[in-house]
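# Overview (structure and organization)
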Amino acid sequence: MNNFSILCLTTALTCTSCSVGPNFKMPEVLMPSKWKNGGAVSTADIPVPGEWWKLFGSSELNRLEERAMANNQQMRGALARVETARALVGVQQASWFPYLNMRDAMQYERLSQSSFGANLPPGVSLPRTQRRRYQNLLEEGWEIDVWGRVRRAVEGSKAAQLGAMETLSAQRLTIAAEVARLYFLTHSLDRQIDVVISTQSWREEALKLQESRFKGGLANEMDVARARTELELARNDLAALERQRGNAENALAVICGEIPSNFKVAKNSGTTRLPRVPGGLPSTLLQRRPDIRAAEQKMREANAKIGVAAASFYPAFSVNGTGGLESIGTFGFFDQRSRIMTIGPSMTLPIFQGGKLRANLRSAKASYDETLSNYKQSILVALQEVEDSMLDASAYAKQAKALDQAIAAAQETQRLAELRYQKGLASYFEVVDANRTVLNAKLLAAQVEGQRLIANVAMLKALGGGW
């Protein structure tokens, strides 16, 4: 072994533990010590089950969630991306090992008589310039990872795999929350439809009464026209609500991975309870939220790519070899004299690349800065979503309480208006106005009830789902 070979191997053995590029460090992030709107929820760090939707106590919701988790196409796509990332880890890890290839070749070649003959001594006859070359070779090579290029590449691919897994978890959380949101929206619309149907029945009876009174000379045409107007408005409200419910049901079908025409949500939702959602400390969001964890893995991947780019500035060491049989013509191909072999270390040192390596390093650093900004932005968005959901849950609870009292007062107003109208002390307009107030209050109460449940879904999603 010559001095160059010894130098290459010695350098490789002494530097195999070296990895250029920065080691990853978690960035410092300023987190609040408490929630601004945390008074509406418990701040105890109570564990929440992974299937957090079961906290609402709805068997139908549980069934829909199971269908969505099993059949949703976005979930399947995210799962495929995880498998892709896992396979790419194997691709990078393969660079740690030597490669071995087998090559069989038959080549027809023609040599230049003028150039080949010029190198022969005087008087030596020119050999055949047209011939066939046969080869049966084993080729091997091994890159010695002196500067940690392969280690950094594997580190980045593992971070990409973990990031894909966290993205899958975030996708699962998003889909589960959307199923719950559409489910509660659908049944909120069902309750609104029931209110409108009840009002429509009342207005149909009111129209019949006014038409009867008009025939008897006890009412005028305006009262009949007003009663008919209110009835048609109720029918309009019913058609609008049925359209909204149909759209929500169709959206729910797609999330569950099913054809909308074959999908139905039962109108009898049964009892649904509001879960007790623990707020926990804001700092725990960094571990709870899968989207934040995915952003962290993207940072790790980008940081590893800086090391890969930095390693390209240093010499690359490898050991390469070839061994097998080679002959001109088939005669004696398997003879011992046809054996060939080459093996030895090599070094490649970049000298001039036209600024390519420096540009590549700048690109890697800029990509890391981008992932760092995205990570911090994801934390800010998460904090906003938690604060918004807590505020919504508190506000909807207050609205529900106020609307209960408003409905009771509006119903009493309607009763008194009907009594006054029957005694001739008020016009039919007061009865219509009072009935419209009852309808609006009941519709708003049904909406708030659904929004209150949806706000709790949003809070569970914002806090990271189950933990």
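Note that the structure is predicted; figures quoted are calculated from it, not measured.

### Re the nonpolar core
- Within the largest apolar cluster, 74 residues are counted, with the highest numbers of intra-cluster contacts made by Trp52, Phe56, Leu61, Val179 and Phe184.
- The set of elements that each furnish at least two residues to this core consists of α2 (59–71), α3 (73–93), α5 (149–215), α6 (221–255), α8 (290–311), β3 (316–328), α9 (356–422) and α10 (428–462).
- Looking at this core, the element that brings in the most residues is α9, giving 15 residues.
- The residues touching Leu61, leaving out its near neighbours within four places in the chain, are Trp53, Phe56, Val179, Ala180, Tyr183 and Phe184.
- Judged by nonpolar contacts, the second largest core, of twelve residues, contains Leu207, Ala219, Val224 and Ala417.

### A look at the sheet that holds strand β2 (residues 130–144)
- Reading across from one edge, β1-β2-β3-β4 is the order of the four strands in this open sheet, with antiparallel pairing throughout. Lying at the two open borders of the sheet, with one neighbouring strand each, are β1 (99–110) and β4 (339–348). On average, each strand axis in the sheet is tilted by 20 degrees relative to the strand beside it, whichever way the strands run.
- By the bridge criterion, twelve bridges tie β1 to β2 in an arrangement that is antiparallel. Its bridge partner lying in β2, Tyr108 is registered against Arg132.

### Here we look at the side chain of Asp145
- Structurally, Asp145 can be placed in the loop between β2 and α5.
- Of note is the side chain of Asp145, whose polar atom sits 3.3 Å from the backbone nitrogen of Gly148.
- For Asp145, the side chain forms a polar contact with the main-chain nitrogen of Arg149, separated by 2.9 Å.

### Concerning the confidence of the model for the chain
- The share of residues in the chain with pLDDT of 70 or more is 90%, and the mean pLDDT across the chain is 87.
- Low pLDDT, under 50, characterises residues 4–16; the stretch is placed with 19 contacts to residues that sit more than four places away or in other chains.

### Some words on the packing of aromatic side chains
- With the rule as written, the count across this model stands at six aromatic pairs.
- Measuring from centroid to centroid gives 5.3 Å for Tyr183 and Phe184, while their planes differ by 65 degrees, and the two rings are edge-to-face. Accessibility classification places Tyr183 together with Phe184 in one group, the buried group.
- Through a chain of ring-to-ring contacts, the aromatic side chains of Phe56, Tyr183 and Phe184 assemble into a single cluster.

### Description of a nonpolar patch on the surface
- Nonpolar side chains collect at one region of the surface, where Met347, Leu349, Ile351 and Phe352 lie side by side and expose about 500 Å² of accessible area between them.
- Inspection of the secondary structure assignment puts Ile351 in the loop between β4 and α9.
- Ile351 sits in the exposed class, given a relative accessible area of 79%.

### A look at the pairing of β3
- Examined bridge by bridge, β2 and β3 share twelve bridges and lie antiparallel to one another. Counterpart to Gln135 in the pairing with β3 is Glu326.
- Where β3 lies against β4, ten bridges are found, and the strand directions are antiparallel. What sits directly across from Thr322, in β4, is Thr342.

### Some details on α10
- The end-to-end C-alpha separation of α10 is 50 Å, in line with the 51 Å expected for 35 residues at 1.5 Å each.
- Two residues or fewer past α10, Gly464 is found with a positive phi of approximately 105 degrees.

### Some details on the pattern of salt bridges
- All chains considered together, the criterion is met by 29 salt bridges.
- Put simply, Arg245 and Asp190 hold a salt bridge, and the shortest N to O gap is 2.4 Å. One end of the pair, Arg245, is in helix α6; the other, Asp190, is in helix α5, with 55 residues separating them in the sequence.
- Taking relative accessible area as the criterion, Arg245 reaches 7% and is therefore assigned buried.
- When its relative accessible area of 5% is taken as the criterion, Asp190 is described as buried.
- Note that Arg203 is salt-bridged to Glu230, the shortest N-O span being 3.4 Å. Of this pair, Arg203 sits in helix α5 while Glu230 is found in helix α6, placing the two residues 27 residues apart along the sequence.
- Since its relative accessible area comes to 6%, Glu230 is described here as buried.
- The network of salt bridges with common partners includes Glu109, Arg131, Arg133 and Glu326.

Thresholds, definitions, all that
- Residues numbered from 1 in each chain as written.
- Predicted model: local features only at pLDDT ≥ 70, side-chain atom pairs only at ≥ 80, totals over all residues.
- Heavy atoms only, no water.
- Core = buried A, V, L, I, M, F, W, Y, C linked by side-chain atoms within 4.5 Å.
- Buried < 20%, exposed > 50% of the residue type's maximum accessible area, 1.4 Å probe, protein only.
- Helix = DSSP H or I, 4+ residues; strand = E, 2+ residues; numbered from the N terminus.
- Contact = heavy atoms within 4.5 Å.
- Pairing = 2+ DSSP bridges.
- Axes fitted to C-alpha atoms, helices over the stretch in contact; angles between N-to-C directions.
- Polar contact = N/O pair within 3.5 Å; in protein donor to acceptor, adjacent residues only side chain to side chain.
- pLDDT = per-residue confidence, 0-100.
- Phe/Tyr/Trp six-rings, centres within 6.5 Å; stacked < 30°, edge-to-face > 60°.
- Patch = residues over 30% accessible without salt bridge, like charges linked within 9 Å, V, L, I, M, F, W, Y side chains within 5 Å.
- Areas by Shrake-Rupley, 256 points an atom, 1.4 Å probe, with all protein chains shown as cover.
- Salt bridge = Lys/Arg side-chain N within 4 Å of Asp/Glu carboxyl O.
- Expected span 1.5 Å × (residues − 1).

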